[in-house]
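Results of the structural survey
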Amino acid sequence: MVKSHTVSAEKEEQKPSTSANQSADEPKDNTPKNKQWNISGITASQITPVQKIITEARSRNLLDTPVQNLPHPLPWDQVDTPETPLGAFIRPNPSPHLRKEMLKFLNTFPEYKPRRDSTPLSELKRRLWDNICPPKNGNIPAQPNFDGSDEERSAEEVFTPPNKKSTIPESVFNNQLKHLQEMLTASGGARSESKRSIQLIPPDTNLKDSQPNTVGWDDEMNTEQYKQKKIFMFSGVNPEKRVEMVANLERLGASVIDSIHFDTSSTHLLCLTLARNEKTLASMSAGNWILHESYVDKCVAQKKFVDEETFEFGNPKFSENIHTEYEKENNRLAAAHYWRKEVARRGYGAFHDMRFIVVAQKREPLIHVLEAGDGMVVDESPPFNKAIHATHCLLDLKYIDNVEDFIPLAQQGIYCVNTLFVSDYLTRPDANIRDFIIPYFLDYYNS
């Protein structure tokens with residue numbers, strides 16, 4: 001009895017499990033997700049990937065997502081190909097690319113904006129007349145006929161009516177003109193008085209007629225008057241002979257500068273030997289004549305100044321009768337003639353467009369030579385903590401204490417050269433600048 005009851009109980013306990021298994025084996029077409037999306041043939045459960053359901057829904061367009069075709073962004077300089085043949089002046093049949101480039105070029109021009117209408121000149125003249133001669137006591141001064149031509153009016157009609165005496169006092173009229181003169185000159189800003197050429201009241205000067213009853217020039221130009229005046233300097237000439245040469249040159253009409261330093265106003269240098277000193281190098285850089293001292297004797301014998309070329313050092317026309325001791329100094333001889341011709345040809349000195357920093361014990365003679373050749377000297381000294389606007393730095397290695405102080409100049413590209421560069425450059429103008437750089441700084445220029 002007890003056994004049968006136990007079996008019946010076990011059967012009762014197995015019934016719920018059987019119904020549960022049946023519900024698990026049933027198809028899940030009636031799940032909430034399938035009913036919501038109305039998807040047949042797809043089973044949905046708690047372990048079904050959501051991504052799979054979304055993919056299926058998108059493939060069947062169940063989400064009604066609108067398809068948007070967004071345009072691609074265009075570059076800022078995008079232009080349509082113009083139909084007009086832009087660029088035909090370059091090619092007969094311009095390509096689309098050429099036409100687009102021409103259109104881009106034309107688009108860079110600013111748009112035309114018409115100017116506003118300006119006040120007519122006749123109206124400005126009338127306003128000026130009213131300011132100069134304002135009406136007094138209801139009487140309006142007669143105005144000139146600004147709109148008429150010059151033939152229709154004369155000078156008397158401009159300021160005074162015909163057959164009538166002027167009612168404007170001359171002092172008042174002059175004061176008004178002076179005031180106007182001050183206004184016009186004041187508009188010129190800080191310009192110098194020499195450039196203010198507007199004069200309403202001309203000064204009382206008697207001008208001589210430059211060409212009375214003549215055609216052409218009044219006088220024939222004296223060509224001797226316009227020739228360059230000769231200004232001589234000496235270098236290495238015997239003092240006793242120098243006194244005699246000075247008297248002879250002044251008797252011929254020349255000027256003589258007796259100075260131990262080079263003078264920029266000089267034109268000729270007389271010497272017996274072509275030494276490497278301040279006057280010789282400065283005369284080379286300035287393009288002056290460097291002549292043998294026998295030139296003066298020849299001029300005295302001829303009682304006039306003779307051609308300088310037969311007495312110029314380095315000139316192919318140099319007289320063979322003049323004995324010199326410079327057979328070994330061919331470069332310096334040729335340089336004396338070369339720089340005289342070269343400076344005259346190009347119109348500026350040998351050191352033009354060069355800016356020098358000079359660090360040497362004998363600094364003044366070097367400066368005289370550089371400035372004679374249109375060079376510029378920059379007053380700078382170590383330490384160099386800022387950018388220096390210079391091209392060369394002349395160094396006297398015996399004079400400076402620490403050569404490393406000039407490394408910043410080499411890093412800026414300024415050529416650090418020995419002071420002998422001045423004479424070497426004049427005797428060898430075609431040499432490479434690297435040949436003159438101090439070896440300690442060469443690595444900075446190679447990089």
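Right above here is the structure, for reference.
Figured I'd write up the structure that's included with this text.

Each value, and the rule that gives it
- Residues numbered from 1 in each chain as written.
- Predicted model: local features only at pLDDT ≥ 70, side-chain atom pairs only at ≥ 80, totals over all residues.
- Heavy atoms only, no water.
- Helix = DSSP H or I, 4+ residues; strand = E, 2+ residues; numbered from the N terminus.
- Buried < 20%, exposed > 50% of the residue type's maximum accessible area, 1.4 Å probe, protein only.
- Contact = heavy atoms within 4.5 Å.
- Areas by Shrake-Rupley, 256 points an atom, 1.4 Å probe, with all protein chains shown as cover.
- Expected span 1.5 Å × (residues − 1).
- Core = buried A, V, L, I, M, F, W, Y, C linked by side-chain atoms within 4.5 Å.
- Salt bridge = Lys/Arg side-chain N within 4 Å of Asp/Glu carboxyl O.
- Polar contact = N/O pair within 3.5 Å; in protein donor to acceptor, adjacent residues only side chain to side chain.
- Phe/Tyr/Trp six-rings, centres within 6.5 Å; stacked < 30°, edge-to-face > 60°.

1. Topic: the overall build of the protein chain
- Of the regular secondary structure elements, the protein chain holds 15 helices and 8 strands.
- Scored against the burial criterion, the 447 residues of the protein chain give a buried share of 30%.
- Once local pairs closer than 6 in sequence are excluded, the contacts in the protein chain between residues at least 24 apart make up 48%.
- Surface exposure of the protein chain reaches about 32800 Å², of which carbon and sulfur atoms provide 51%.

2. Digging into the environment of D258
- Considering the arrangement of structural elements, one finds D258 in the loop between β2 (255-256) and β3 (268-271).
- A C-alpha to C-alpha distance of 8.6 Å links D258 and F232, two positions 26 residues apart in sequence.

3. Digging into helix α11 (residues 330-346)
- The end-to-end C-alpha distance of α11 is 24 Å, a good match for the 24 Å that 17 residues give at a rise of 1.5 Å each.
- Taken as a whole, α11 has its buried residues at R332, L333, A335, A336, H337, W339, R340, E342 and V343.
- Summarising the contacts, the buried residues of α11 are in contact with α9 (278-286), β4 (289-292) and α14 (421-427).

4. Observations regarding the nonpolar core
- The biggest cluster of nonpolar side chains holds 54 residues, and the ones touching the most others in it are M284, F351, F406, L409 and F441.
- Of all the elements, α11 adds the most residues to this core, at 5 residues.
- In contact with F406, other than residues within four places in its own chain, are V359, P382, F384, C393, L395, I400, C416 and F441.
- Listed in part, the 17 residues of the second largest apolar core include F234, M245, L291 and Y295.

5. Details of the pattern of salt bridges
- Tallying each qualifying case throughout the model produces 9 salt bridges.
- Residues K104 and E101 are paired through a salt bridge, measuring 3.7 Å at the closest nitrogen-oxygen approach. Within this pair, K104 and its partner E101 are both found in helix α4 (residues 96-107), separated by 3 residues, close to a single helical turn.
- Look at K104 and you get partly exposed, because its relative accessible area is 26%.
- Between E312 and R340 there is a salt bridge, with the nearest N and O atoms lying 2.9 Å from each other. Pair noted here: E312 is in the loop between α10 (294-302) and α11 and R340 is in helix α11, with a separation of 28 residues, a long-range link.
- Since its relative accessible area comes to 10%, R340 is described here as buried.
- Each of E342, R345 and R346 takes part in one network of salt bridges that share partners.

6. Considerations on the side chain of N288
- Structurally, N288 is set in the loop between α9 and β4.
- A polar atom in the side chain of N288 sits 3.0 Å from the backbone oxygen of S266.
- What N288 contacts, discounting residues up to four positions off in sequence, is F262, S266, T267, S283 and R340.

7. Regarding the side chain of H337
- As for its position among the elements, H337 is in helix α11.
- Residue H337 is classed as buried on the basis of its relative accessible area, which comes to 17%.
- Engagement of the side chain of H337 in a polar contact is seen with the side chain of E312, the distance being 3.2 Å.
- Sequence-distant contacts of H337, defined by excluding residues within four places in its chain, comprise E312, F313, G314, N315 and P316.

8. Observations regarding the packing of aromatic side chains
- Tallied over the entire structure, the rule returns 14 aromatic pairs.
- Seen in terms of ring centroids, F351 and F356 are 5.8 Å apart; in terms of plane orientation they differ by 85 degrees. Their pairing is edge-to-face.
- Look at F351 and you get buried, because its relative accessible area is 0%.
- Between the aromatic rings of Y440 and F441, the centroid separation amounts to 5.2 Å while the plane-to-plane angle is 85 degrees, which identifies the pairing as edge-to-face.

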